Amino acid sequence: MNLLVLPLCLISLHIINSQAYPTQPMNCTDTTRLCTSFLAFKPQENQSLSVIQSMFDVLPQDVTLEDNDHGYVFIKKNCSCLSSARVYATNSTFTVKSSEGFVYDIVFDAYEGLALLPNTTRSAKVGAVISLRLFCGCSNGLWNYLMSYVMREEDSVESLASRFGVSMSSIESANGIWNPDNVSAGSLYYIPLNSVPGVPFPLDSEISPSPAPVPEPSFSASSANDLESKARVPYGWIMGGLGIGLVLIVACVVFCVCLKSSSCFSKADSDAAKDGKVKFQILRKPSFCCASGRYMSGKSRDWKQSNGESSSHHITIPKALGTDVLGMEKPVIFTYEEIIFATDGFSDATLIGHGTFGSVYYGNLRDQEVTIKRMTATKTKEFMAEMKVLCKVHHSNLVELIGYAASDDELFLIYEYAHKGSLKSHLHEPQNKGHTSLSWIMRVQIALDAARGLEYIHEHTKTHYVHRDIKTSNILLDESFRAKISDFGLAKLVGKIGEGETTATKVVGTFGYLAPEYLSDGLATAKSDVYAFGVVLFELISGREAIIRTEGAMTKNSERRPLASIMLAALRNAPDSISMSSLKDYIDPNMMDLYPHDCVFKMAMLAKQCVDEDSILRPDMKQVVISLSQILLSSIEWEATLAGNSQVFSGLVQGR
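As the structure is a prediction and not an experimental result, all values here were calculated from the model. (Residues numbered from 1 in each chain as written. Predicted model: local features only at pLDDT ≥ 70, side-chain atom pairs only at ≥ 80, totals over all residues. Heavy atoms only, no water.)

Now for the packing of helix α15 (residues 526-542) against helix α18 (residues 597-610). Angle between the axes and distance between the axes: these two values describe a pair of packed helices. Put simply, α15 and α18 touch, their axes get as near as 8 Å, and they point 150 degrees apart. Between α15 and α18, the crossing angle belongs to the class labelled roughly antiparallel. Seen along the crossing, α15 lies across α18 with a hand that is left-handed. Taken together, the residues of α18 that come into contact with α15 (itself represented by V530, Y531, G534, L537, F538 and I541) are V600, M603, A604, L606, A607, K608 and C610. For the contact of α15 with α18, the per-class residue count stands at eleven nonpolar, one polar and one charged. (Axes fitted to C-alpha atoms, helices over the stretch in contact; angles between N-to-C directions. Helix = DSSP H or I, 4+ residues; strand = E, 2+ residues; numbered from the N terminus. Parallel < 35°, antiparallel > 145°, perpendicular 65-115°, else oblique. Left-handed = near helix turned anticlockwise from the far one by under 90°. Contact = heavy atoms within 4.5 Å. Nonpolar A, V, L, I, M, F, W, Y, C, P; charged D, E, K, R; others polar.)

The structure is reproduced here in structure tokens:
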């Protein structure tokens, strides 16, 4: 299996000695490929299971423990082929705990060679959340799984083969090793596996039946006997625990009775719920769903499970998800079993991709096609943010939230299904993703749809919001190629200050789309969304991604430039629509020159205004909608003069 060396500036390089080879990711060609992979990680002694979950963005059942004295854990992750770099990787996030040092060094030390490090020399800020990719691999069919493993000084091909129960030849074949004695400590290798590695990690509930607090186990090299000894508790503790449990049961009964009376809800509870700080009280099997009423309304009581049993359960909805918070009157009830059944147990075949805060699956729920975002319970804040927005705002150009579900350690958001996927997949190398290129008319219509969705949350909702993560992958297309904005996990309520709308926050989002003032001051405004939308317009015109690598991408002097700066430079050399020769080189060749030059120029100039460094000079989304409406009308008139039938002509490029 071939390996591809990425640019050195992007790759985690853990050098133990001066002769160590660079970490090598696995090459791939099929950008639609998804598989299950594993990562071998040796945590520090003070890193608990919850810390590992947060670092790798996984659930407790995705972490297994090596059953020997090596002290490793194995993390199960979905692996996919990056379309930009043609290598296998998986997404995660890292929260900075210390302000000492640079982001690059802190992430490097945390993951020890498993991560594609951010290309930045920024100093670390406590609480900053860093999006990163981890090295993974997909088997070519000879083995069921591949596990990413960073070689240490004491390791060898022979010792790894013995340790993981595989042959030396299989390791050599998977990694293209010609000489097993010439392997380097600090380099990444892939261990072929036919079964899930390790043993289930002992959770707290398995260690002690007592309600007394038990420290979360550390990942030091503890033996199974040590764990068993921790499980033994004195008889007095057990009796005391039973007494406490009885008191809690009585308290729960009183609380349930109290829930039936609105007088039991205090202002303090309401405030806490608004901040998303109320802890979820989630049942193991029953789950909860709220919908706008346009989907599945009235079905919850009559729907039957596949085994013929009724899905009705006695449900207590958590206060954090109360109807006053979500703006819903009649929440629809889902069960956890329904979510599992709809996704075929979250099989790889139903995996659509990875969102900002979780994996996204296709499902068929109550005879309706849906999209299900699966999140860990550690993402409660983002979960609540998206719930609070989408349960209150409804627009044809916003993805409709059908409902939500929750189990003990997982959170689920259920949306309407976008049959054509994301705008990104239709713009960047569409042929490789099985799509035909979008016509000019379709591009303008998509831009107008997305602009209307943004205008709605900026100006026409009871409380105004900024999205904070506008990008082509968050603009979804339905069967008719009409656009809908999705992924409101970073959406934030904005308060009015004078004539503007600003709110101080930590910087989140995607590089290439972030406004200058947002990067420098952390001020999220409606104009920040306008800037990101301007980058989307440039992508629609050029077909290029928001961040572009220079032609020297395989050298040490490689550079990544924002698309906005490249397009602005081209526009400076094209003062009007007549002299567009310099801009023409940056127009998507997939449109085959079938576009009105003056309309393309107008959209480019609109995008230029949107990405102005001075936020005051940027238009608001109402102005953007008006401009795009005019451009669409002009484009339709141009198309009609050429073909006589705009729908037929659009189909020539779109491939309908």
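Quick look at the side chain of N175 now. Residue placement: N175 occurs in helix α4 (residues 168-175). The buried category is assigned to N175, whose relative accessible area is 6%. Among the polar contacts listed, one links the side chain of N175 to the backbone oxygen of I171, at a separation of 2.8 Å. Separated by 2.7 Å, the side chain of N175 and the backbone nitrogen of Y190 make a polar contact. (Buried < 20%, exposed > 50% of the residue type's maximum accessible area, 1.4 Å probe, protein only. Polar contact = N/O pair within 3.5 Å; in protein donor to acceptor, adjacent residues only side chain to side chain.)

The next subject is the packing of α15 against helix α16 (residues 563-572). As a packed pair, α15 and α16 sit with axes 10 Å apart at the nearest point and diverge in direction by 65 degrees. Our classification of the angle between α15 and α16 gives roughly perpendicular. Where α15 crosses over α16, the two elements pack in a sense that is left-handed. In contact with Y531, V535, F538, E539, I541 and S542 of α15, α16 contributes L563, A564, M567, L568 and L571. For the contact of α15 with α16, the per-class residue count stands at nine nonpolar, one polar and one charged.

All told, the structure shown has 13 salt bridges when counted by the stated rule. Of the charged contacts, one joins R163 and D155 as a salt bridge, the two residues approaching to 3.8 Å between their closest N and O atoms. Grouping residues by exposure puts R163 and D155 together as buried. Here K373 and D487 are joined by a salt bridge, their closest N and O atoms 3.2 Å apart. With K373 in strand β14 (residues 368-376) and D487 in the loop between β19 (483-485) and β20 (492-493), the pair connects residues that are 114 residues apart, well separated along the chain. When sorted by exposure, K373 lands in the same class as D487, which is buried. (Salt bridge = Lys/Arg side-chain N within 4 Å of Asp/Glu carboxyl O.)

With that settled, consider the nonpolar core. If you look at the biggest cluster of nonpolar residues, it comprises 92 residues, and the most contacted ones within it are W440, F533, L537, F538, L583, M603 and L628. Of all the elements, helix α13 (residues 440-460) adds the most residues to this core, at twelve residues. Not counting residues within four places of it along the chain, the set of residues in contact with W440 comprises M591, L594, Y595, P596, C599, V600, M603, I631 and S635. (Core = buried A, V, L, I, M, F, W, Y, C linked by side-chain atoms within 4.5 Å.)

Residues with a pLDDT of 70 or more make up 69% of the chain, whose mean pLDDT is 75. Counting contacts from residues 1-22, a segment whose pLDDT is below 50, to residues more than four positions away or on other chains yields 72 contacts. Every residue in residues 495-502 scores below 50 in pLDDT, and together they form 14 contacts with partners more than four places removed in sequence or on other chains. (pLDDT = per-residue confidence, 0-100.)

A separate point is the environment of Y513. Assignment of secondary structure puts Y513 in the loop between β22 (500-504) and α14 (516-521). Taking the relative accessible area as the measure of exposure, Y513 reaches 8% and is therefore buried. Expressed as a C-alpha distance, the spacing of Y513 and V535, which sit 22 residues apart in the sequence, is 6.3 Å. Discounting residues that sit within four places of it in the chain, Y513 has contacts with I470, K471, T472, Y531, A532, V535, V536, E539 and A546.

What follows deals with the packing of aromatic side chains. Applying the stated rule across the entire model yields eleven aromatic pairs. Centroid distance Y362 to Y417: 4.9 Å. Interplanar angle 70 degrees. Geometry classified as edge-to-face. You can see Y362 sitting in strand β13 (residues 359-365) and its partner Y417 sitting in the loop between β16 (410-416) and α12 (423-427), a full 55 residues away along the chain. Its relative accessible area of 25% is what places Y362 among the partly exposed residues. What links up through ring pairs into an aromatic cluster is the set F41, F56, F94 and Y111. Above the plane of the ring of F346 lies R374, whose end atom (NZ or CZ) is 4.2 Å from the centre. (Phe/Tyr/Trp six-rings, centres within 6.5 Å; stacked < 30°, edge-to-face > 60°. Lys NZ or Arg CZ within 6 Å of the ring centre and 35° of its normal.)

A cluster of nonpolar side chains, contributed by V507, F511 and L519, occupies part of the molecular surface with about 270 Å² of accessible area. The residue V507 is located in the loop between β22 and α14 in this model. Look at V507 and you get partly exposed, because its relative accessible area is 34%. (Patch = residues over 30% accessible without salt bridge, like charges linked within 9 Å, V, L, I, M, F, W, Y side chains within 5 Å. Areas by Shrake-Rupley, 256 points an atom, 1.4 Å probe, with all protein chains shown as cover.)

One pass over the full model with this rule turns up three disulfides. Linked covalently through their sulfurs, C28 and C81 form a disulfide whose S-S length is 2.0 Å. Where C28 bonds to C81 through sulfur, the torsion about that S-S bond is close to 85 degrees, and the disulfide is right-handed. Highlighted residues: C28 in the segment before β1 (34-41) and C81 in strand β3 (residues 73-81), separated in sequence by 53 residues. Here C28 and C81 have matching classes, each one buried. (Disulfide = S-S within 2.5 Å.)

A word on helix α1 (residues 49-56). Those residues of α1 that fall on the buried side of the exposure criterion are L49, I52, Q53, M55 and F56. Viewed end-on, α1 has its buried residues packed into an arc of 165 degrees, placing them on one side of the element. Residues of α1 that are buried make contact with β1, β2 (63-65), β3, β4 (88-95), α2 (103-111) and β6 (129-135). Of the residues flanking the end of α1, it is D57, one or two places downstream, whose phi is positive at about 55 degrees. (Arc of directions from axis to C-beta.)

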